[in-house]
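# Fold and contact review
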Amino acid sequence: MKKYQIAFLTCFFCLIGFAQNLDSLLVVARQTVNDSAKIRMYNKIGFRYIFNDSDKAIKVLEEGVQLANSADFQYGLTELINTKGIYMDVMGKSDSAQYYFEKALKISQKHQFKSIEALCINNLGMFNWNRGNFDQALDYFFQSLKKNESLNQESATANALNNIGLIYQEMYLNEKALEYHRRALSVREKYNLENDQIASLNNIGINLKELGRIGEAIEIYKTGIDLAIRKNNNLEYHKLLDNLANAYNLNGDTDLALQTYFQVIEKTKEAKANEKALLSTYNNVATLYNDANRPIKALNYINEGFLLVEKYPESALMSADLYLTGAESYYILNNFNKARAFKSQYIALKDSIFSEKNAKAIADLEIKYETEKNQKQILIQRAELAEQDLIIQKRNYQIYGLIGLVSIFSFIGYLFYNQQRLKNHQLEKEKELNKALIKIETQNKLQEQRLSISRDLHDNIGAQLTFIISSIDNIKYAFKLEDEKLKTKLSTISDFASSTIYELRDTIWAMNKNEITFEDLQVRISNFIDKANLAAQNIDFQFNVDKDVNNDAVFSSVQGMNIYRITQEAIHNTLKYAKASKINVEIYQVNNHIRVSIKDDGIGFNDTNTVLGNGIRNMKKRAHELGGNLSVETKENKGTSVTLFL
């Protein structure tokens, strides 16, 4: 009987590899007498249906679960529950996916089903990755990789390799991601896992595109599409088509890109699968129509995207780019109120997932269109001035004519003087206008440079610091460190990198502003105090702003940053040295001058016998640059007061 089962399963796996008609295979499965063989066939067929007919997939999987329960076939039941989790994940039902993955993991661990356990661990990694929990996701993926390696199941390592590559891809470490995706593809080619090869080809194409190797990416996408068509894998086929369209667009072939996007929309609607993925496609089509100066057409596709968000509320965070593209459409249509409303929605969504990069992009749009509007107004004013000068000139001519009746010589002298005066006046006006235009152009260039530098800081240094933190955490997870000093050192490095990221964000915040309002500064200081309060819960923080302080006060970006850094450094020194139980931060106004005071009830110090550190020297230097001064008053066991006078 065992030989029969092995022979039958071998034939069945061959059928799965080459058969095109899943319905026929389902008929064969239902007619199979052997329960274990039948149940495993249901699992394979249900998995294949996920990517071709999602409605049939869930019916087949549920039918298989009933059979497995009736036959008490735990191995087959565990496989089916895990596959049901994959179905829920593909359909976007994250909570249900987590439930089935964890259930399958418990059963596999209980019955020592090692290969299924590795699959469940990998799938839980995918779940955490989709929720942005990169550390947990990587931990699960490396566990899965080690599990399969220990079982000598090389073919099963491909999933973990692929998913590790996806995490690096999210972190914009595209060369590293490319390495893991190619390793995954090599394993999948070795074991003829063609459906999995399609996903690997898609991921390789994405990273090649990000590295600027567009031609190579296009060829990889085409290879994947051919394989997806041959394997009737609709889900990956649509993903590849969408990415191919993106590559065409980057390559400057917008017509071909549009045609491909329309093909993606049509095929996705026909297949009724992964409809949420159309959010990105609708946004890409709208972007191309904006570039072609067809904003109304673009808004039609943006509205299609919002209809999908209503249908799938869990995808609301993914709609941020729709608001960004919509804002651009309304700017083109000169509907600035609507554009700003979309901008606000965009920034709110991006803030909720911690991303400042695209919020700066929409600020660029507003600057661009407001600048064009101001330039038009300047030209109109210039024309009106010229017209007024002509009217004045004509009137003067009339006056000169009357004066000429009295005296020809007086008329000629007065005419010469008046014409010269008008000419000089007009030249002065033209100079003023030219200066204004040059100033606007210079400001725009400076703003572009600021945005470029801030993007480089955020994308490059920020990503590298994030990678350092992630790498340190991975070292902690991957190795059993017994050396406490080493653990402490790694934690110190991680904390320092995290602190540097916050410092970097503060710097970017200041760089992207020509001026900083008092309200902006107050909010920034308040946020820092809130974070300090969380870090030092045994200290009572108080932050007060006097009602007499002029809330309309405006500082340059350098001034605002210096005030913020002085306050930050004073609080940091108190937390580090003062052993205080209370810290009061007050901002008040005295005779049109602003005072910022940071007081504590700590141990203080003897200022006559204590050498001042770099912190206080730096604060005084910043105060001097602000045109103010800094005083430090302290007594031993009486606390310390740092006051900035502006």
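Bear in mind the structure is a predicted one, so any value in this text is a computation, not a measurement.

## Concerning the overall build of the protein chain
From N to C terminus, the protein chain includes 24 helices and seven strands. In the protein chain, which comprises 646 residues, the proportion classed as buried is 44%. Of the contacts formed within the protein chain by residues at least 6 apart in sequence, a portion of 61% connects residues at least 24 apart. A total of about 35,500 Å² of accessible surface is found on the protein chain, and carbon and sulfur atoms cover 51% of it.

## Some remarks on the packing of aromatic side chains
Overall, the coordinates contain 12 aromatic pairs when judged by the stated rule. Ring geometry for Y323 versus F342: centroids 5.3 Å apart, planes at 65°, classification edge-to-face. Highlighted residues: Y323 in helix α17 (residues 320-332) and F342 in helix α18 (residues 336-352), separated in sequence by 19 residues. In this structure Y323 comes out as buried when scored by relative accessible area, which is 17%.

## Looking at the confidence of the model for the protein chain
It should be kept in mind that the predicted coordinates are not to be read in detail where pLDDT is low. Here the protein chain averages 78 in pLDDT, while 78% of its residues score no lower than 70. Across the protein chain, the secondary-structure element scoring lowest on mean pLDDT is helix α1 (residues 2-18), at 35, and the one scoring highest is helix α11 (residues 194-210), at 93. Predicted confidence is poor over residues 1-20, with pLDDT under 50, and the contacts of this stretch with residues over four places away or in other chains come to 20 contacts. Per-residue pLDDT stays below 50 along residues 354-373; that stretch engages in 38 contacts with residues further than four places along the chain or on separate chains.

## Remarks on the packing of helix α10 (residues 174-190) against α11
Two elements in contact, α10 and α11, have axes whose closest approach is 9 Å; the angle formed by their N-to-C orientations is 160°. Overall, the two elements α10 and α11 adopt an arrangement that is roughly antiparallel. For α10 against α11, the interelement crossing comes out left-handed. Within the contact between the two elements, α10 uses N174, A177, L178, H181, R182, A184, L185, R188 and E189 and α11 uses D196, Q197, A199, S200, L201, N203, I204, N207, L208 and E210.

## Examining the pairing of strand β7 (residues 639-645)
Most of β7 sits out of view: six of its seven residues are buried. Pairing analysis gives six bridges linking strand β5 (residues 593-600) to β7, with the strands arranged antiparallel. The residue of β7 that forms the bridge with S597 is T643. In the sheet, strand β6 (residues 629-635) pairs with β7 via seven bridges, with the strands oriented antiparallel. Counterpart to V632 in the pairing with β7 is V642. Here β6 hands over to β7 after three residues, with N637 in that stretch at a positive phi of 65°.

## A look at the nonpolar core
Y221, V285 and Y301 are the most contacted members of the largest nonpolar core, which has 53 residues in total. Leave out the neighbours within four places in its chain, and V285 touches L258, Y261, F262, I265 and Y301. Counting 37 residues, the second largest nonpolar core, distinct from the first, contains I58, L61, I81 and F113.

## Re the sheet that holds strand β4 (residues 582-590)
Strand order in the open sheet made by the five strands is β2-β4-β5-β7-β6, with mixed pairing throughout. Since the sheet does not close on itself, it has two edges, and those belong to β2 (540-545) and β6, each with one partner. Sheet twist, expressed as the average angle between the axes of neighbouring strands with direction ignored, equals 10°. Bridging between β2 and β4 involves six bridges; their strand directions are parallel. Pairing of V545 across the sheet is with I587, part of β4. Taken strand by strand, helix α24 (residues 614-625) contacts β6 and β7, and its axis lies near 145° from that of β6.

## A word on helix α7 (residues 114-130)
Spanning 17 residues, α7 covers 25 Å between terminal C-alpha atoms, matching the ideal 24 Å at 1.5 Å per step. Burial analysis of α7 places 13 of its 17 residues in the buried class, the great majority of the element. Phi turns positive one or two residues past the end of α7, at G132, with a value near 85°.

## Describing the packing of helix α22 (residues 518-535) against helix α23 (residues 557-578)
Taken N-terminus to C-terminus, the directions of α22 and α23 make an angle of 20°; their axes are 10 Å apart at the nearest point. The orientation of α22 relative to α23 falls into the category roughly parallel. At the point where α22 passes α23, the crossing takes the right-handed sense. Packed against α22, whose contacting residues are L521, R524, I525, F528, I529 and A532, the element α23 presents G560, I563, Y564, T567, Q568, I571 and L575 at the interface. In terms of residue class, the contact of α22 with α23 is built from nine nonpolar, three polar and one charged.

## Re the environment of A177
Counting through the fold element by element, A177 comes out in helix α10. Distance in space between the C-alpha atoms of A177 and I204 is 8.3 Å, their sequence separation being 27 residues. If sequence neighbours within four positions are ignored, A177 has contacts with G165, Y168, Q169 and N207.

## Some words on the environment of L201
Secondary-structure assignment places L201 in helix α11. L201 sits 20 residues away from Y221 along the chain, and the two C-alpha atoms are 6.7 Å apart. For L201, the contacting residues outside a window of four places in its chain are L185, I220, T223, G224 and L227.

## Quick notes on the side chain of E236
Its place among the elements puts E236 in helix α13 (residues 234-250). Assessed through its relative accessible area of 9%, E236 is described here as buried. Setting aside residues no more than four positions away along its own chain, E236 makes contact with I198, A199 and N202.

## Comments concerning the side chain of T281
Locating T281 in the fold gives a position in helix α15 (residues 278-291). T281 sits in the buried class, given a relative accessible area of 1%. For T281, the side chain forms a polar contact with the side chain of D242, separated by 2.7 Å. Apart from residues no more than four positions distant in its own chain, T281 is found in contact with D242, Y261, V264 and I265.

Definitions and cut-offs
Residues numbered from 1 in each chain as written. Predicted model: local features only at pLDDT ≥ 70, side-chain atom pairs only at ≥ 80, totals over all residues. Heavy atoms only, no water. Helix = DSSP H or I, 4+ residues; strand = E, 2+ residues; numbered from the N terminus. Buried < 20%, exposed > 50% of the residue type's maximum accessible area, 1.4 Å probe, protein only. Contact = heavy atoms within 4.5 Å. Areas by Shrake-Rupley, 256 points an atom, 1.4 Å probe, with all protein chains shown as cover. Phe/Tyr/Trp six-rings, centres within 6.5 Å; stacked < 30°, edge-to-face > 60°. pLDDT = per-residue confidence, 0-100. Axes fitted to C-alpha atoms, helices over the stretch in contact; angles between N-to-C directions. Parallel < 35°, antiparallel > 145°, perpendicular 65-115°, else oblique. Left-handed = near helix turned anticlockwise from the far one by under 90°. Pairing = 2+ DSSP bridges. Core = buried A, V, L, I, M, F, W, Y, C linked by side-chain atoms within 4.5 Å. Expected span 1.5 Å × (residues − 1). Nonpolar A, V, L, I, M, F, W, Y, C, P; charged D, E, K, R; others polar. Polar contact = N/O pair within 3.5 Å; in protein donor to acceptor, adjacent residues only side chain to side chain.

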